[in-house]
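Coordinates in review
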Amino acid sequence: MRSTKVEFSNEEKALIAKVYGDIDAYHSADIKKEIREKMISSDKEKIIIDLSEVNYIDSAGLGSLVAILKDARMNNKLLYLMSPKQSVMRVFEMTRLDKVFNIISSIEEI
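The text that follows walks through the structure, step by step, so that each part is easy to find. It should be emphasised that the depicted structure is a prediction, and the values quoted were computed from it without experimental measurement. Each chain carries its own residue numbering, running from 1 in the written order of its sequence. The predicted origin of the model limits local features to residues at a pLDDT of at least 70 and limits the giving and counting of side-chain atom pairs to 80 or more, whereas totals for whole chains, interfaces and linings rest on all residues. Values shown for side chains rest on all heavy atoms present in the structure; no hydrogens or waters enter the calculation.

For helix α3 (residues 86–94), the complete set of buried residues consists of V88, M89, V91 and F92. Projected onto a plane normal to the axis of α3, the buried residues spread over an arc of 155° and lie on a single side. Of the surrounding elements, those touching the buried residues of α3 are β3 (46–53), α2 (59–74), β4 (78–82) and β5 (102–104). Runs of E in the DSSP output that reach at least two residues are strands. Runs of H or I that reach at least four are helices, and both are numbered from the N terminus. Positive phi shows up at R96, right after α3, with a value of about 60°. Burial here depends on accessible area, computed with a 1.4 Å probe over protein chains only, as a share of the maximum for the residue type. Under 20% is buried, over 50% is exposed, and the range in between is partly exposed. Taking the helix axis as origin, the arc is that swept by the directions to the C-beta atoms. Two residues form a contact once any of their heavy atoms are found within 4.5 Å.

It is worth spelling out the pairing of β3 at this point. Most of β3 is tucked away: 6 of the 8 residues are buried. Here, any two strands with at least 2 DSSP bridges between them count as paired. Alignment of strand β2 (residues 15–20) against β3, held across 5 bridges, turns out to be parallel. In the sheet register, Y20 faces β3, and the bridge partner there is E53. For crossovers, right-handed means that the path from the first strand over the helix to the second runs clockwise, given strands pointing away from the viewer. Handedness of the β-α-β unit built from β2, helix α1 (residues 28–41) and β3 comes out right-handed. Bridge count for β3 against β4 is 5 bridges, and the pairing is parallel. Opposite I49, over in β4, you have L81 as the bridge partner. Once you follow β3 into α2 and on to β4, the crossover reads as right-handed.

What follows is the structure, given as C-alpha cells:
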C-alpha cells in the first residue's frame, strides 16, 4: 500500500494542500484533519487542494472533502480543487459533486 501524504505551500494567492496517494477509507480521516488544521490556522482566504497526484478517491474520501468544504465556508474561506485526474474527476461527475466544488485546472483560474 502506497503512503498518502499532504504537502502545504503558501502561494501569493492561496494556501495549497497537495495530496499524494489515494484518498480512501484508510487515509481520508488523516488528510481531513491535516488540511482542516492548516486551513483554519492560515490567514489565506483561498485554499486549494491539489489533486493532481491522486489516482483514486472513494466515498470516505468524498465525505472528507465535503467536510473540509463545510469548514471552509464556516471560516469564510474559498475552497478549490485543482487538477483532478480523469479517473478522480469521473467520481465527482457521477456523484454530481462537480457542481458543488469549485474545480480548477491551474492556480491562475482563481
